[in-house]
Amino acid sequence: LMNNPNDYSFDELTIGLRESFQLKITEFMVNDFARNSGDFNPLHVDSMYSKSTKFGKKICHGMLLASFFSKLIGMHLPGKNALYFSQTLNFLEPCFIGDDITIEGELLDKSMATQIITIKTSIFNNSRKCLVDGIAKVILIK
């Protein structure tokens, strides 16, 4: 468990810099997210219902996946001095319980004037299919 965030300064951040981490999606995570968000859509929590859909089984909430971008920004890239400004999201493919996923960030741009950095954010499954992507804008507060 990483409890100490990276501590990139604005000057240390170079275009093309990448950070990533991996995790496994568990049923506990999905059920916990349903409780915390109030989203009990049967696609996510009802095995019988989800079997009848085109997915054939329960799928992970897209916003649960997107929430891991918070760890990417707050702990990895840039880490300690990060203040989220905005995030776009494209939900491209379903994620299933038991999937191993990789959350990745790549620094695309940095503005001296605003101290805002732009990061391409992506989540991939084991087959390297992109599940979610988007663009994060992050203010460095120090």
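Residues numbered from 1 in each chain as written. Predicted model: local features only at pLDDT ≥ 70, side-chain atom pairs only at ≥ 80, totals over all residues. Heavy atoms only, no water.

Caption draft 1: How the structure looks around the state of the cysteines. Throughout the structure, instances matching the rule amount to zero disulfides. Among the cysteines around cysteine 60, which has no disulfide bond, cysteine 95 carries the closest sulfur, lying 4.6 Å off. Looking at cysteine 60, the relative accessible area reads 5%, which means it is buried. Take cysteine 95: its relative accessible area is 1%, and that puts it in the buried class. (Disulfide = S-S within 2.5 Å. Buried < 20%, exposed > 50% of the residue type's maximum accessible area, 1.4 Å probe, protein only.)

Caption draft 2: The nonpolar core, seen in detail. Within the largest apolar cluster, 17 residues are counted, with the highest numbers of intra-cluster contacts made by Ile25, Leu65, Phe68, Ile101, Ile103 and Ile123. When contributions to this core are tallied by element, the ones reaching two or more residues are strand 1 (18-24), helix 1 (27-37), helix 4 (62-76), strand 4 (100-111) and strand 6 (130-140). Among the elements that line this core, the one with the most residues is helix 4, at five residues. Setting aside residues up to four positions removed in sequence, isoleucine 103 forms contacts with Glu19, Ser20, Phe21, Leu23, Phe68, Phe69, Leu72, Ser122 and Ile123. Grouped together as the second largest cluster of nonpolar side chains are twelve residues, Phe10, Leu13, Ile117 and Val138 included. (Core = buried A, V, L, I, M, F, W, Y, C linked by side-chain atoms within 4.5 Å. Helix = DSSP H or I, 4+ residues; strand = E, 2+ residues; numbered from the N terminus. Contact = heavy atoms within 4.5 Å.)

Caption draft 3: Just unusual backbone geometry, in detail. Of note, the amide linkage connecting leucine 77 to proline 78 takes the cis form, showing an omega dihedral of 5 degrees. By secondary structure assignment, the location of proline 78 is in the loop between helix 4 and strand 2 (82-87). Not every positive phi belongs to a glycine, and glutamine 115 is a case in point at roughly 60 degrees.

Caption draft 4: Looking closely at the pattern of salt bridges. Evaluated as defined, the whole model comprises six salt bridges. Residues arginine 18 and glutamate 106 are paired through a salt bridge, measuring 3.2 Å at the closest nitrogen-oxygen approach. One end of the pair, arginine 18, is in strand 1; the other, glutamate 106, is in strand 4, and 88 residues separate them in sequence. Taking the relative accessible area as the measure of exposure, arginine 18 reaches 54% and is therefore exposed. Among the salt bridges present, the one from arginine 35 reaches aspartate 32, with a minimum N-O distance of 3.1 Å. Here the residue arginine 35 and the residue aspartate 32 both occupy positions in helix 1, the gap between them amounting to three residues, near one helical turn. With relative accessibility at 26%, the residue aspartate 32 sits in the partly exposed group. (Salt bridge = Lys/Arg side-chain N within 4 Å of Asp/Glu carboxyl O.)

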